[in-house]
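Take a look at the letters that make up each chain.
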Amino acid sequence: MQNPNHLTLLKNSLLNISKPYQEQINLFPNYVDVFDELLSDFDNAFRLLPLIMEEEKISYRCVLNILKCNNIINLTMEIEGKQTDESFENDNEWMELRRTAQKALNLIE
């Protein structure tokens, strides 16, 4: 049986990733690496996706957007220089991640 918090973890992860950078940095204390924390939270939630899908808690279109988020993260992390706070704030790839996360989140709610 699915833990009801799985979907909540996924929703919170998508919500936090979809926020503008200035809001993201306010989510955590100053000593936390926001970039690493957000991507780690998403990765943890992403690993729960099969369990959430088994319970039919999200739509096919939502799953596609979540998979796209994962692909954007993986591909962008392979590009040298994309793992900086400045890149995470301004680069098109990370902005696309925010938009795609918002699309997925809109399909859950």
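Now for a quick tour of the structure. Given the structure is predicted, the values throughout are model-derived calculations rather than measurements.

## Here's the deal with the packing of aromatic side chains
Counted according to the given criterion, the structure contains five aromatic pairs. Taken together, a centroid distance of 5.2 Å and an interplanar angle of 65° make the contact between F88 and W94 edge-to-face. For the residue pair F88 and W94, the accessibility class agrees, reading buried in each case. Members of the aromatic cluster, joined through ring pairs, are Y21, F35, F88 and W94. Above the ring of F88, the side-chain terminus of R98 is found at 4.8 Å from the ring centroid.

## Observations regarding the side chain of Q24
Mapping Q24 onto the fold places it in helix 2 (residues 21–24). Residues contacting Q24, with those up to four places away along its chain left out, are N16, I17, K19, V34, L38, F88 and R98.

## Side note on the nonpolar core
Ranked by size, the top nonpolar core spans 31 residues in total, and within it L10, L14, F42, I58, I66 and L97 carry the most contacts. The element best represented in this core is helix 3 (residues 34–46), accounting for seven residues. Those residues within four positions of I58 in sequence are excluded, and the remaining contacts are L7, L10, L49, I52, V63, I66 and I108.

Calculation notes
- Residues numbered from 1 in each chain as written.
- Predicted model: local features only at pLDDT ≥ 70, side-chain atom pairs only at ≥ 80, totals over all residues.
- Heavy atoms only, no water.
- Phe/Tyr/Trp six-rings, centres within 6.5 Å; stacked < 30°, edge-to-face > 60°.
- Buried < 20%, exposed > 50% of the residue type's maximum accessible area, 1.4 Å probe, protein only.
- Lys NZ or Arg CZ within 6 Å of the ring centre and 35° of its normal.
- Helix = DSSP H or I, 4+ residues; strand = E, 2+ residues; numbered from the N terminus.
- Contact = heavy atoms within 4.5 Å.
- Core = buried A, V, L, I, M, F, W, Y, C linked by side-chain atoms within 4.5 Å.

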